[in-house]
Structures are given as C-alpha cells and as structure tokens.
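What follows is each chain in one-letter form.
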Amino acid sequence: MAKCTVEHLELSRQRGFGKPLFGLVLVKFLGCNSNHRVLDIGCGTGFFTRILARNCGAYIVGMDIDNQLLKAAKSIASEENLIIEFKVGDITQIPELDGSFDIVMSDIMLERFRGSNIGYPKGIEAPIREMKRVCKENGVVACIEPFYRSSFTWDPWATPEENEVLLKYTSVNARWIGAGPTLPSLFQSVGLKEIELITWFWGGIANESNRNRNLDHAVMKLEERLQKTKNLISECSALSEEDKAILFAYWRRKIKYLKQTPEQLLTDMTVNGLQVFITKGRR
Ligand SMILES: C[S@@+](CC[C@H](N)C(=O)[O-])C[C@H]1O[C@@H](n2cnc3c(N)ncnc32)[C@H](O)[C@@H]1O
C-alpha cells in the first residue's frame, strides 16, 4: 500500500470534503456535541479531525501510526488555532482504555486491512472491533469509506436498458469495490446496533485539476478513465457480450457529450468522482 504524503492527503481530501456543508452534515450525522470525547483513528494529516474540531467543540483526539503525518497534522491544526490532541497509536491495538470515547471514527483507511477476500473482507472486522472496544456504551462508531463503482450505479442520462446493465455490472463483485459497501454487514457482525448510512461525493474531473480548472487536463483525465473503464468492462465475465456492447456504447456516447460541453465536463461527478459511504453504528 502506497505511503500517504501530506500534500496528497490535504489536496485530495479538499476535493469533495472541503466545503463547509460537509462538516455540518458529518457532525449532525455523528450527533457530536461539546460534551463529547471523540477519537479520529488513522487521522493522517488530520483533514477530517479538523472538520470535527471546527464544527462540534468536542474534545478531539487524532491518532495515527505515522509520526511524520502527525507532525504535519499538529502544525496545520495550530495554524488554524484548533485545539486537537494528536498522538501515535495503532488501530489494531488502540492505546486507550475500554469505553474512553463517545464517538470513534476512521476515514478512508480501513481498506488496507481487507486481505485477499474480495467478497467479504474479514480483515476489516478486527480494526472495527477495536474501535468498538474504546467506544463508550451507547456511543457511536463511524467509518467513511469509498465505493469505487459509484459511477456505474445509475445514471439519469442513460437509457433504461443502459441503466439495467449498469446495475448488473455494479452488483458483480468481480473486483474490489471499496470498503464502503461492506461496512454495514461488518458493523452488524461485530455487534454494533442502529446501523445507518449516508453517502457523499468525492472528487470529480474539475477537482482533479482543481488548481486551475484546466479543460485540457480534464479531457486527458477523461481519456484515462475511459481506458480504465474499457478494461474493467472487458474483463467482467459476469456480463454477456451484448451487455458489454451496451456499456461500451453508453460510455462512448457520454464521453463524446462531455467533450462537446466543457462546462458539463468540468462539473461532472460521475466520470472521475466517487461516492463515499459514511456508516455509523451504536455500541
Ligand atoms: C489513506 S490515509 C487516511 C488519512 C486520513 N484519515 C484522511 O482521510 O485524510 C490512511 C492513514 O492510516 C494510517 N494508518 C495505517 N495503518 C494504521 C494503523 N495500523 N493504525 C493507525 N493508523 C494507521 C496511515 O498512516 C494514514 O495516515
């Protein structure tokens, strides 16, 4: 698994999670308030930790296994005068007592524990169990994880026939589709209750080139995406040749349309954006 850099984490999170509305939605969903103690485990540079600190006034701890990322996290948070305690810790053995936090969350970091079982990644269960252990009775455990097939689920722009094949393609677990969709069943299997899920969009072509919203760069990304998509569809043995032809035609039509309408291309989320699922459960 590639090592995260400060620049990558800060820039990539900015796309999609940088808007103040996300913070309000997240804090409301978690039910976080100023009396709470909150742990963000695997916090990296603390992008999400800062969102919590800005929006809920709770006592917040950001924890990560990587000391260098924590150093950056401390410095970025102090530039904003945010009070957050950052400390080193491993999600597989969180150095905290049982029931120490009202809310325990992790963002975009569980996938590294999935192991090789694509259909049901049991490896992710142990870290979730550990998050549950340090969460108080009745407290909340929450995880933000991507769903890599979101651009295939349903497209208002596609025909009903195309949408039917899109849906068929999405439901085939021939490849890793992200930890997001697996979380509700994993939460259930570790005994968390009242499981709920919301989604949010992350990325988008315009945001790939977010420094200057450059159209040429966006077209290049679009071509790259088209190639990746062609490969994914070709190797999907669960689709008939006829289904594949329908999907290829849909993509060709969509790409042509996006290239002809730069404004649409720069704001489109379906081509290079992806959905994240935010799942919570009560201990
Ligand atoms: C993809 S980054 C996500 C960082 C941050 N949550 C975010 O979304 O911006 C994954 C993070 O998990 C951390 N990490 C990896 N293994 C860990 C472990 N066993 N315990 C705690 N943190 C870990 C990495 O150091 C890295 O900061």
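Quantities reported herein were computed from a predicted structural model and do not represent experimental measurements.

Structural notes on the site of the ligand
Taken together, 20 residues sit near the ligand, with Gly42, Gly44, Asp66, Ile91 and Met109 positioned nearest. Those elements giving two or more residues to the shell around the ligand turn out to be α1 (6-17) and α3 (47-56). Split into classes, the residues belonging to the shell around the ligand amount to 11 nonpolar, 3 polar and 6 charged.

Looking at helix α9 (residues 215-234)
The terminal C-alpha atoms of α9, which comprises 20 residues, lie 28 Å apart, in line with the 28 Å expected from a rise of 1.5 Å per residue. Where α9 is concerned, the buried positions are Ala218, Leu222 and Ile233. Along the axis of α9, the buried residues cluster in a sector spanning 45°; they form a single face. In α9, the exposed positions angled more than 90 degrees off the buried face are occupied by Asp216, Glu223, Glu224, Gln227, Lys228, Asn231 and Ser234.

Remarks on the packing of helix α2 (residues 20-30) against α3
Interaxial distance between α2 and α3 falls to 9 Å at its minimum, and their mutual angle equals 80°. Considering their axes alone, α2 and α3 lie roughly perpendicular with respect to each other. Listed contacts from α3 to Phe22, Gly23, Leu24, Leu26 and Val27 of α2 are Ile51, Leu52, Arg54, Asn55 and Cys56. The class makeup of the residues in the contact of α2 with α3 is 7 nonpolar, 2 polar and 1 charged.

Thoughts on the environment of Gly89
With respect to the secondary-structure elements, Gly89 resides in the loop between β3 (85-88) and β4 (101-107). Of the residues examined, Gly89 has 20 C-beta atoms within 10 Å and is grouped as buried. Once the C-alpha coordinates of Gly89 and Asp66 are considered, the two residues, 23 residues apart in sequence, prove to be 8.4 Å apart. Among residues more than four places away in sequence, those in contact with Gly89 are Met63, Ile94 and Pro95.

Thresholds, definitions, all that
Residues numbered from 1 in each chain as written. Predicted model: local features only at pLDDT ≥ 70, side-chain atom pairs only at ≥ 80, totals over all residues. Near = placed C-beta within 6 Å. Helix = DSSP H or I, 4+ residues; strand = E, 2+ residues; numbered from the N terminus. Nonpolar A, V, L, I, M, F, W, Y, C, P; charged D, E, K, R; others polar. Expected span 1.5 Å × (residues − 1). Buried ≥ 20, exposed ≤ 12 C-beta atoms within 10 Å, placed from the backbone. Arc of directions from axis to C-beta. Axes fitted to C-alpha atoms, helices over the stretch in contact; angles between N-to-C directions. Parallel < 35°, antiparallel > 145°, perpendicular 65-115°, else oblique. Contact = placed C-beta atoms within 7 Å.

All quantities given are derived from atomic positions and should not be read as evidence of function.
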